Amino acid sequence: VTSQPSAIRPDDQLVDTDTDTDTDADADGSVGTGSRATRILGLLTLAGIALATYLALVASPPSPAPPDGMGDVVRILYVHVPIVTMAYVGCGLTTLGSVMYLWKKSVWWDITAAASAEVAMVFTALTLVIGMIWARPTWGAWWVWDGRLTSTAMLLLLLLGYLAVRRLPAEAATRSKRSAIVGVLLVPNVYIVNRSVTWWRSLHQGSTLGLQPKIEGLMFFSLMFAMFVAALLFAWLLIHRWRLVWLEEQLDAHELDRAILERRAEAAAGSTPATIVPPTTSGSI
Amino acid sequence: MSDWGYVSMAWGITAAVLVAYAIWIIVRGRALSRRVPPEDRRWT
């Protein structure tokens, strides 16, 4: 670690990553976005995923056969419900981070919002895909323009819009402010998604959980455990994505500094001949 | 397609997407962190 340079390495040095320095750094875990805490969290998450998969696909009983229930298709809900719940959490974090950035101008909150938005986008896209797969055997169609589905698709578009605004070329503060304004809109949209099954006539079923859960026993435990594991996975992804955004910000800042220094050096070199007084002239005077 | 076919498709796509996303984050993090001085990586 001590042999690593104290300045940003140029892009061309990324090609050769198998140097002795990198190997030493890899060995003590100092390269990358991982840390001791995230490695423990990752191991817990992997173990939890294995147990949740066993509970959902093997241990828990199927729902009654249609038309009274969903049969084995109910096993899709053990992944669908946790994923959509974490998508909502991600949207909430993005809105919180955006509000806090607009209020405090804190880079920490800006990065939190950005990292959370991308993880939420992945989870929301998965929600739509899994939901479509669930809908085909349940409703007989992959997609219907139902209030819940349409508002969820709108939520995905809003998240993509947030990420697109972050990639627009602009000064860091301007970019953060623009994206924060989009980020503030996420939680109101999540509220619309959540209430859509009650506000409009909907094919989508109402809430399975809540104050009076509609499932019990091992099915309820399996679903709650899957939600716990999804929370662990979301936390692991969020922490690593946060650190990745931090690295990107550091590199952008260093590369900007380097470009300014280069321009100043070029300007100084270009103006040098005009400021030099010829020796013969000065000598004669 | 049977019920288990839909169940397998949903779980398979979820696993594939999340594994791919996690790998992308790790690989990109390792690539970028090599270009940033250790003192700027507060978590190490």
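These figures come from a predicted structure and were not determined experimentally.

Caption draft 1: The overall build of chain B, seen in detail. What chain B contains, in helices and strands, is one helix and zero strands. With the principal axes as the frame, chain B shows a C-alpha extent of 55 × 15 × 5 Å. Scored against the burial criterion, the 44 residues of chain B give a buried share of 45%. Put simply, chain B shows about 2,200 Å² of open surface, and 66% of that area lies on carbon and sulfur atoms.

Caption draft 2: Broad picture of the packing of helix α3 (residues 77-104) of chain A against helix α4 (residues 107-139) of chain A. Residues and elements named next belong to chain A. Relative orientation of the contacting elements α3 and α4 amounts to 155 degrees, with a least axis distance of 7 Å. By the angle class used here, α3 and α4 are roughly antiparallel. Both α3 and α4 take part in a crossing whose hand is left-handed. Of the residues contributing to the contact of α3 with α4, the split by class is 19 nonpolar, ten polar and one charged.

Caption draft 3: Main features of a nonpolar patch on the surface. Taken together, the side chains of Y191(A), I192(A), W199(A) and W200(A) present a nonpolar region at the surface, about 440 Å² in accessible area. Within the secondary structure, W199(A) is located in helix α7 (residues 186-199).

Caption draft 4: Examining the interface of chain B and chain A more closely. Residue-level contacts link 33 residues of chain B with 57 residues of chain A. Interface area, chain B with chain A, both sides summed: about 4,100 Å², of which 71% is carbon and sulfur. Where chain B packs against chain A, one counts one salt bridge. Among the salt bridges present, the one from E248(A) reaches R28(B), with a minimum N-O distance of 3.2 Å. Viewed at the interface, chain A and chain B are joined by five residue pairs in polar contact (both at pLDDT 80 or more). The residue inventory of the side of chain B that touches chain A, partitioned by class, reads 20 nonpolar, four polar and nine charged.

Caption draft 5: Layout of the layout of surface pockets. Computed from the structure, the largest pocket encloses a volume of approximately 760 Å³. The wall of the largest pocket is formed by 33 residues, among which T45(A), L46(A), I49(A), L233(A) and A22(B) lie closest to the centre. A total of nine residues in the lining of the largest pocket trace back to one element, the largest contributor, which is helix α2 (residues 36-59) of chain A. Tallied by class, residues from the lining of the largest pocket come to 20 nonpolar, ten polar and three charged.

Caption draft 6: Spatial organisation of the confidence of the model for chain A. All names here are of chain A. In this model, chain A carries an average pLDDT of 83, and 81% of its residues clear a pLDDT of 70 or more. Residue range residues 10-24 is modelled with pLDDT below 50. Its contacts to residues more than four positions away, or to other chains, number 15 contacts. The model gives residues 277-285 a pLDDT under 50, and that stretch makes one contact with residues more than four places away or in other chains.

Caption draft 7: View of unusual backbone geometry. In this model, K105(A) sits at a positive phi of 60 degrees, which is unusual for a non-glycine residue. Checked against the element boundaries, K105(A) lands in the loop between α3 and α4.

Caption draft 8: Region of the structure containing the environment of L168(A). All names here are of chain A. Note on placement: L168 falls in the loop between α5 (147-166) and α6 (172-183). The class of L168 is partly exposed, set by a relative accessible area of 43%. As a C-alpha pair, L168 and R178 span ten residues in sequence and 9.7 Å in three-dimensional space.

Caption draft 9: Expanded view of the nonpolar core. Grouped together as the largest cluster of nonpolar side chains are 69 residues, with contacts concentrated most on I76(A), F123(A), L159(A), L237(A) and L18(B). Counting residues per element, the ones that place at least two in this core are α2, α3, α4, α5, α7 and α8 (217-275) of chain A together with α1 (3-33) of chain B. Beyond its immediate stretch of four places on either side in the chain, F123(A) contacts I83(A), M86(A), A87(A), L233(A), F234(A), L237(A) and L18(B).

Caption draft 10: Geometry of the environment of G71(A). Here G71(A) is to be found in the loop between α2 and α3. Here G71(A) falls in the buried class, since its relative accessible area comes to 8%. C-alpha separation for the pair G71(A) and P61(A), spaced ten residues apart in sequence, amounts to 9.2 Å. Not counting the four nearest positions on each side in its chain, G71(A) is found in contact with P62(A), S63(A), P64(A), A65(A), P66(A) and D3(B).

Caption draft 11: Spatial organisation of the side chain of T112(A). Residues and elements named next belong to chain A. With respect to the helices, strands and loops of the structure, T112 is situated in helix α4. Within the local environment of T112, its side chain forms a polar contact with the side chain of W242, the two groups lying 3.0 Å apart. Setting aside residues no more than four positions away along its own chain, T112 makes contact with L93 and W242.

Conventions used here
- Residues numbered from 1 in each chain as written.
- Chains lettered and ligands numbered in written order.
- Predicted model: local features only at pLDDT ≥ 70, side-chain atom pairs only at ≥ 80, totals over all residues.
- Heavy atoms only, no water.
- Helix = DSSP H or I, 4+ residues; strand = E, 2+ residues; numbered from the N terminus.
- Buried < 20%, exposed > 50% of the residue type's maximum accessible area, 1.4 Å probe, protein only.
- Areas by Shrake-Rupley, 256 points an atom, 1.4 Å probe, with all protein chains shown as cover.
- Axes fitted to C-alpha atoms, helices over the stretch in contact; angles between N-to-C directions.
- Parallel < 35°, antiparallel > 145°, perpendicular 65-115°, else oblique.
- Left-handed = near helix turned anticlockwise from the far one by under 90°.
- Nonpolar A, V, L, I, M, F, W, Y, C, P; charged D, E, K, R; others polar.
- Patch = residues over 30% accessible without salt bridge, like charges linked within 9 Å, V, L, I, M, F, W, Y side chains within 5 Å.
- Salt bridge = Lys/Arg side-chain N within 4 Å of Asp/Glu carboxyl O.
- Contact = heavy atoms within 4.5 Å.
- Buried area = accessible area lost by both parts, 1.4 Å probe.
- Polar contact = N/O pair within 3.5 Å; in protein donor to acceptor, adjacent residues only side chain to side chain.
- 1 Å grid on protein atoms, 1.4 Å probe; cavity = no way out; pocket = protein on both sides within 12 Å on 5 of 7 lines; lining within 4 Å.
- Points joined across faces, edges and corners; volume = space filled by probe spheres on them.
- pLDDT = per-residue confidence, 0-100.
- Core = buried A, V, L, I, M, F, W, Y, C linked by side-chain atoms within 4.5 Å.

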